[in-house]
Amino acid sequence: MTPASTMEHTPTHLDVASSPTRSAESETPGTPAIMVGKFSAWYGAFQALHEVTLEIPARGVTAFIGPSGCGKSTFLRWINRMNDTIVSARAEGVLSLHGEDLLSRSLDVVDLRRRVGMVFQKPNPFPKSIFDNVAFGPRLHRVYSRNDLEELVEQSLRSAALWNEVKDRLHSSALGLSGGQQQRLCIARAIAVGPEVVLMDEPCSALDPKSSASIEDLIRDLRARYTIIIVTHNLQQASRVSDMTAFFYEGKLIESGLTELVFTNPSQKQTEDYVTGRFG
């Protein structure tokens, strides 16, 4: 764990969407944030991804679609090195964030996971108060005054469209929130540390339609400030929230491009068959 600085930090409004390396709000939308070249990944002898080459633009939403087991989540987890916890996992090729090699053994993965946040399939709030859930990450990286931390928590909850619903019970358990509220809390927790990228792995699959719609609205709001990558089996959701779409099949990237084109005028027959429901 990276020790917290002993110098007190006075946050500003940009702290919710900034990092020491690069401000997410300073990126030009559409420029590549993540570069992938001939990227392959294995679990032991099983090859999960085959020479994926892809550019993921900054400050927008990129959807990864494809049938179960096609490598979408494996790829997502390599972007913030979560696969490091799997002994048999290995990868090779190019995977970089703003030119920094994400596969380097010398990479500070604790800092990487601050810069690349993760929202999981099932909401997973800590068994702490709503306030402490959001404050947990910032406290690991910097020392804040009480007033500054309260401001940061409020900004993060506002960014996650949750503040008005929880402002009067910040010190109540996060486990008392509804499923949709818990997922928005997890998003607030992810953005509180100032990430450049937010990864979302099936963020609505455990939610009811109303809560799913709230998360989709939130994703659309956040796209102007963050690079968002969402894995989803819901093709309608991908078409609604994403700017770019990448279609994976059997560990290979079959096609990628503007979402509208991938869904309405795909260049590959496999893509057409998938988005029109002929298989999947």
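Residues numbered from 1 in each chain as written. Predicted model: local features only at pLDDT ≥ 70, side-chain atom pairs only at ≥ 80, totals over all residues. Heavy atoms only, no water.

Novice: Any chance you could explain the layout of surface pockets here in plain terms?
Specialist: One way to see where empty space is left: roll a probe the size of a water molecule over the atoms. Considered as a void within the structure, the largest pocket measures approximately 680 Å³ in volume. The leading source of residues in the lining of the largest pocket is helix 3 (residues 130–141), at four residues. (1 Å grid on protein atoms, 1.4 Å probe; cavity = no way out; pocket = protein on both sides within 12 Å on 5 of 7 lines; lining within 4 Å. Points joined across faces, edges and corners; volume = space filled by probe spheres on them. Helix = DSSP H or I, 4+ residues; strand = E, 2+ residues; numbered from the N terminus.)

Novice: What should I look at first to understand the confidence of the model for the chain in this one?
Specialist: The predicted model of the chain averages 90 in pLDDT, with 89% of residues at 70 or higher. Residue range residues 1–23 is modelled with pLDDT below 50. Its contacts to residues more than four positions away, or to other chains, number 60 contacts. (pLDDT = per-residue confidence, 0-100. Contact = heavy atoms within 4.5 Å.)

Novice: Quick question: what am I supposed to make of the pattern of salt bridges here?
Specialist: Two side chains that carry opposite charge are able to pair once their charged atoms sit near each other. This model, assessed by the stated rule, comprises 15 salt bridges. Linking Arg77 and Asp201 is a salt bridge whose minimum nitrogen-to-oxygen distance equals 2.5 Å. In this pair, Arg77 is assigned in helix 1 (residues 72–79) and Asp201 in strand 9 (residues 197–201), connecting sequence segments 124 residues apart. For Arg77, a relative accessible area of 22% puts it in the partly exposed group. According to the relative accessible area criterion, Asp201 is buried, its value standing at 5%. Measuring nitrogen to oxygen at the nearest pair gives 3.2 Å for the salt bridge that ties Asp111 to Arg114. With Asp111 and Arg114 both in helix 2 (residues 109–115) and three residues apart, the pair spans about one turn of that helix. Residue classification places Asp111 among the partly exposed residues on the basis of a relative accessible area of 23%. With a relative accessible area of 6%, Arg114 lands in the buried category. (Salt bridge = Lys/Arg side-chain N within 4 Å of Asp/Glu carboxyl O. Buried < 20%, exposed > 50% of the residue type's maximum accessible area, 1.4 Å probe, protein only.)

Novice: Help me understand the sheet that holds strand 5 (residues 89–97) in this model?
Specialist: Sheet strands line up and pair through hydrogen bonds in the backbone, either parallel or antiparallel. The antiparallel open sheet is built from four strands, whose spatial order is 3-2-5-6. Of all the strands in the sheet, the pair left with one neighbour each is strand 3 (46–57) and strand 6 (100–101). Sheet topology note: the strand 2 (residues 32–43)/strand 5 ladder contains eight bridges and is antiparallel. Opposite Tyr43, over in strand 5, you have Ala89 as the bridge partner. Against the sheet, helix 1 touches strand 2, strand 3 and strand 5, its axis set at about 120° to strand 2. (Pairing = 2+ DSSP bridges. Axes fitted to C-alpha atoms, helices over the stretch in contact; angles between N-to-C directions.)

Novice: Explain unusual backbone geometry to me, please; I cannot follow it from the model alone.
Specialist: Residues apart from glycine generally show negative phi values, whereas peptide bonds are mostly found in trans. Positioned with a positive phi, Ala161 is a non-glycine residue whose angle comes to about 55°. Backbone geometry places Glu202, a non-glycine residue, at a positive phi of 50°. Counting through the fold element by element, Glu202 comes out in the loop between strand 9 and helix 7 (209–222).

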